[in-house]
Amino acid sequence: MDITATGQPPQPARGLFSPWADVMLLGGGSLFALLVLQMMHLEKEGLATLGVIMLGLANLVNHPHFAFSYQMFYGSWSDVREGRWPPDLRRRWMIAGVIAPVALAACLVTGALLSVNGQSLVLALSLTAMGLLVGWHYVKQGFGMAMMDGALKKRYWPAETRKALLINAYACWGAAWTLGSGGTLGRQLWGVFGVNYAMPPALTMLACGVASLTTVWCGLAVFRCVGQWRAQQLTWKQWPAAGLLAYFITLYVWLGLVWTEPAFLLVIPFFHSLQYLTVVSKYTSNQARARRWSGARLAGFVVTGAVLGGLGFWILPWVLDYARTGQMPGQGVALSLACAWIFINVHHYLIDNVLWRQGNPKVKEFLFDAQPG
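The structure contained in this document is the topic of the report that follows. Fair warning: this is a prediction, and the values are worked out from it, not measured in the lab.

Here we take up the overall build of the chain. From N to C terminus, the chain includes 13 helices and 2 strands. Its C-alpha atoms give the chain a radius of gyration of 21 Å, near enough to 21 Å, the size a compact globule of 373 residues would have. Summarising its shape, the C-alpha atoms of the chain cover approximately 70 × 50 × 40 Å along the three principal directions. Taken over 373 residues, the chain has a buried fraction of 45%. Considering only contacts within the chain whose residues lie at least 6 apart along the sequence, 80% involve residues at least 24 apart. If the 26 positive side-chain charges of the chain are averaged to one point and the 14 negative ones to another, these points end up 7 Å apart.

Taken as a whole and judged by the stated rule, the model has 23 aromatic pairs. Ring centres 6.0 Å apart and planes at 90° place the aromatic pair Tyr-276 and Trp-356 in the edge-to-face group. Of this pair, Tyr-276 sits in helix α10 (residues 262-290) while Trp-356 sits in the loop between α12 (335-355) and α13 (361-368), placing them 80 residues apart in sequence. Residue Tyr-276 is classed as buried on the basis of its relative accessible area of 4%. Grouping aromatic residues by their ring pairs yields a cluster made of Phe-66, Trp-190, Phe-313, Trp-314 and Trp-341. The ring centre of Phe-17 lies 5.5 Å from the NZ or CZ of Lys-282, which sits over that ring.

It is worth spelling out the environment of Tyr-252 at this point. Considering the arrangement of structural elements, one finds Tyr-252 in helix α9 (residues 241-257). Since its relative accessible area comes to 31%, Tyr-252 is described here as partly exposed. The spacing of Tyr-252 and Trp-173 is 79 residues in sequence and 9.7 Å in space, taken between C-alpha atoms. Excluding residues within four positions of it along the chain, Tyr-252 makes contact with Asn-168, Cys-172 and Thr-215. Among the polar contacts listed, one links the side chain of Tyr-252 to the side chain of Asn-168, at a separation of 3.0 Å.

Further remarks concern unusual backbone geometry. Of note in this structure, Trp-190 is not a glycine but carries a positive phi near 50°. You can see Trp-190 is positioned in the loop between β1 (188-189) and β2 (192-193). In this model, Arg-292 sits at a positive phi of 55°, which is unusual for a non-glycine residue. Residue position: Arg-292 is located in the loop between α10 and α11 (295-325).

This next bit is on the packing of helix α7 (residues 159-180) against α9. Packing of α7 against α9 leaves a shortest axis separation of 9 Å and a crossing angle of 15°. Here α9 runs roughly parallel to α7, going by the angle between their axes. Relative to α9, the crossing made by α7 is left-handed. Of the residues in α9, those touching α7 at Ala-164, Leu-165, Asn-168, Ala-169, Cys-172, Trp-173 and Ala-176 are Leu-244, Tyr-247, Leu-251, Tyr-252 and Leu-255. Its residues assigned to classes, the contact of α7 with α9 shows 11 nonpolar, 1 polar and no charged.

Relative to the assigned elements, Asn-360 resides in the loop between α12 and α13. For Asn-360, the residues in contact, after removing those within four places along its chain, are Trp-85, Leu-89 and Leu-355.

Let us now look at the nonpolar core. One finds Leu-34, Met-148, Trp-157, Leu-165, Tyr-247 and Trp-254 to be the most contacted residues of the largest nonpolar core, which totals 93 residues. Broken down by element, the residue count for this core peaks at 14 residues, all from α12. Among residues more than four places away in sequence, those in contact with Trp-157 are Ala-146, Met-147, Gly-150, Arg-162, Leu-165, Val-222, Cys-225, Trp-229, Pro-240 and Leu-244.

Calculation criteria
- Residues numbered from 1 in each chain as written.
- Predicted model: local features only at pLDDT ≥ 70, side-chain atom pairs only at ≥ 80, totals over all residues.
- Heavy atoms only, no water.
- Helix = DSSP H or I, 4+ residues; strand = E, 2+ residues; numbered from the N terminus.
- Rg over C-alpha atoms; globule rule 2.2 N^0.38 Å.
- Buried < 20%, exposed > 50% of the residue type's maximum accessible area, 1.4 Å probe, protein only.
- Contact = heavy atoms within 4.5 Å.
- Lys, Arg positive; Asp, Glu negative; His and termini not counted.
- Charge placed at Lys NZ, Arg CZ, Asp CG, Glu CD.
- Phe/Tyr/Trp six-rings, centres within 6.5 Å; stacked < 30°, edge-to-face > 60°.
- Lys NZ or Arg CZ within 6 Å of the ring centre and 35° of its normal.
- Polar contact = N/O pair within 3.5 Å; in protein donor to acceptor, adjacent residues only side chain to side chain.
- Axes fitted to C-alpha atoms, helices over the stretch in contact; angles between N-to-C directions.
- Parallel < 35°, antiparallel > 145°, perpendicular 65-115°, else oblique.
- Left-handed = near helix turned anticlockwise from the far one by under 90°.
- Nonpolar A, V, L, I, M, F, W, Y, C, P; charged D, E, K, R; others polar.
- Core = buried A, V, L, I, M, F, W, Y, C linked by side-chain atoms within 4.5 Å.

Shown next, in the form of structure tokens:
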């Protein structure tokens, strides 16, 4: 099966920025950071310092990446209303953009009210569900990086390889979830604790066995593609190498190691957000050029994302918590902060599943069909 566009001479290597920049920004840079952290063996004081640093960086990278997804998703409302999106995608938009946030907000408000009265089960389940969905979101984004890089470089993955990559992503998500179920990392958020549970060892072994088999299947499928590209005398810069590396780093490094070291849990979300922002920055710069945005409008998009991130993650929930308890965040249970973080995370996963889905005409126009600037 020919996996290139065929008959035509090989096109110049395309990507988001440059081959090496794409490799580093889509996940390669995290390998160096995690290696350094592993060599440092941080103790309690070092972890506290790292936590402060990463919390500061979160205001510049992690939180704006959530806000940008909101700006892009709800900014597409006119396209949805006027029928410029396919019918299936419009239905998904309504579910993710209207029904889901109302239901999620109702669940969290109910959980918070019950928690005030000593009944914490609803919030505990909500936090645990967020933990489960984090893995789903990570593997979907990793899979999306491989597909995106292939589309940018016009090296489309064969259907069988796409299937192997996707099924393997889900299998690795399941294995990572079972492996992390017995630990304590990530089980509390601003004084709200998740559900304590441990997977039966047999189920963990089964999940890891399935992931091992799908890994072999996926590896063989990718190896066949690489063999065809090499036979066509294409260099690695013309392969979707950066996206493929992002896929494997997401599945086997970020999900595989996040529960093993507290330092990794602090750092990996930063690189996940950086991966996302790399794509958003290319999309937005292409949109600004195509629509002839002024510099002020482009700067406004960025500043708005930073402001919304600060409002949603810190200022509004902190005001609510302070009005209720008179305490600063970190002193006791910060219910509003915990609920806001759970809401934004889970809702972000849902809207992303629509925003970047195949069929979105804006993604095609401003990412895949855009002329290099």
